[in-house]
Amino acid sequence: MKLRWPVNGDAEAREQGTVPNDTHSRLIRDQFTRQAMPFSTASPITDAVALQMIVDAAAPGPADTLLDVACGGGIVVCAFAPHVQQATGIDMTPAMLDRARALAAEKQVVNVGWREGDVTALPYPDGAFTIVVTRFAVHHFPDPSAVIHEMVRVCAPGGRVVVVDTCASPDPVKAAEFNRLEKLRDPSHIRALSLAELQGLFDRAGLGEPRVAFSELRDEVRNLLARSFPNPGDEAEIVDMFTASAENDSLGIPVRRDGERIEYAYPVAILAARRH
């Protein structure tokens, strides 16, 4: 079975390639079993200001019930827990869910729950949650549109759907180079979408135009590589690609070099809409 990319035009979709579900699932579990601790504790990922922006986008209240799709180490669930009645995270990687349980215990939040499962077929009834969110996961989905439709299905009428992800340049050449870099850095990466493509996911799911806010994942390349697990030999090419982009903007993201120090900032879009 071929998996369509959520981009404009069937010809373009076919050109993007395919990843069998079973193969990709193994890549995800392999990468995020190893990344469970370094990813979940990295300062750009746990940044309180960025997390508050996501909470603000969802406008939670004490009667709300939240689902975080592809919840990873539970950071978003725990950020929402003080503001909602119940917060639930679902993920396919047991090691990430173990980290999520540990984080909840560290933060002493009790109104949380965790489930291992497939985000393309969420094991919940229609309208089960009033807030459905996903963060830093869309670029791992072989079929992002299918996941967003599932998120909408389990969101109650009047509820909020929030999608947070890195976004690629609107320039297709720079976007392709950025995605090549990310695929080298994390073999489970599929494709970071442009802002227009992320907005298009909402339109196709019947949500209309989302409200959009922006943040950044800003760090040094050496720190990024310390929490990444590229294939042997690829790390040097990744550094070379960042170095080149500091001169020619080939990645379409902010990159600055100061001697041996290379700093980057991945653009992040926070999109939110109500389910009518």
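Residues numbered from 1 in each chain as written. Predicted model: local features only at pLDDT ≥ 70, side-chain atom pairs only at ≥ 80, totals over all residues. Heavy atoms only, no water.

What follows concerns the environment of valine 152. Relative to the elements of secondary structure, valine 152 occurs in helix H7 (residues 144-153). In the structure, valine 152 is positioned 60 residues away from methionine 92 in sequence and 19 Å away in space, judged by C-alpha atoms. When sequence neighbours within four positions are dropped, the list of residues in contact with valine 152 reads Val161, Ala205, Leu207 and Arg275. (Helix = DSSP H or I, 4+ residues; strand = E, 2+ residues; numbered from the N terminus. Contact = heavy atoms within 4.5 Å.)

The next thing to look at is the nonpolar core. Judged by nonpolar contacts, the single largest core of 55 residues is most densely connected at Phe80, Val112, Trp114, Val162, Leu181, Phe242 and Tyr266. Sort the elements by how many residues they give to this core and strand S8 (residues 261-274) lands first, with six residues. In this structure, Phe141, Val152, Leu271 and Ala273 belong to the second largest nonpolar core, which totals 30 residues. (Core = buried A, V, L, I, M, F, W, Y, C linked by side-chain atoms within 4.5 Å. Buried < 20%, exposed > 50% of the residue type's maximum accessible area, 1.4 Å probe, protein only.)

Where strand S2 (residues 86-91) meets strand S3 (residues 112-116), five bridges bridge the pair, whose relative direction is parallel. Paired with glycine 89 across the two strands is tryptophan 114, which belongs to S3. With respect to chirality, the unit in which S2 leads through helix H6 (residues 94-107) into the neighbouring parallel S3 is right-handed. (Pairing = 2+ DSSP bridges. Right-handed = clockwise from strand over helix to strand, strands pointing away.)

A few words now on the packing of aromatic side chains. What the rule picks out here adds up to four aromatic pairs. Centre to centre, the rings of tyrosine 124 and phenylalanine 129 are 5.0 Å apart; their planes meet at 85 degrees, and the pair counts as edge-to-face. Ring centres of phenylalanine 178 and tyrosine 266 lie 5.0 Å apart, and the angle between their planes is 85 degrees; on these two criteria the pair is classed as edge-to-face. Here tyrosine 266 lies in strand S8 and phenylalanine 178 lies in helix H8 (residues 172-185), a separation of 88 residues in the sequence. A single burial state applies to phenylalanine 178 and to tyrosine 266, both of which are buried. A network of ring pairs unites the aromatic residues Phe178, Phe242, Tyr264 and Tyr266 as a single cluster. Over the ring of tyrosine 124 we find arginine 115; its NZ or CZ atom is 5.5 Å from the centre of that ring. (Phe/Tyr/Trp six-rings, centres within 6.5 Å; stacked < 30°, edge-to-face > 60°. Lys NZ or Arg CZ within 6 Å of the ring centre and 35° of its normal.)

So, on to the pattern of salt bridges. Summed over the entire model, instances satisfying the criterion amount to 16 salt bridges. Between arginine 99 and glutamate 106 there is a salt bridge, with its nearest N and O atoms 3.1 Å apart. Between arginine 261 and glutamate 263 there is a salt bridge, with its nearest N and O atoms 2.7 Å apart. (Salt bridge = Lys/Arg side-chain N within 4 Å of Asp/Glu carboxyl O.)

So, on to the pairing of strand S7 (residues 255-258). Judged from the four bridges that link them, S7 and S8 form a sheet pairing that is antiparallel. Residue pairing in the sheet places arginine 257 in a bridge with isoleucine 262 of S8. Hairpin remark: S7 followed by S8, antiparallel, with two residues in the connecting loop; positive phi at glycine 259, about 65 degrees.

Next up on the list: the confidence of the model for the chain. The predicted model of the chain averages 90 in pLDDT, with 92% of residues at 70 or higher. Under a pLDDT of 50 for its full length, residues 1-20 has, in the predicted model, 30 contacts with residues more than four places off or in other chains. (pLDDT = per-residue confidence, 0-100.)

Take the environment of glutamine 108 next. Topologically, glutamine 108 is positioned in the loop between H6 and S3. For the pair glutamine 108 and valine 268, spaced 160 residues apart in sequence, the C-alpha to C-alpha distance is 29 Å.

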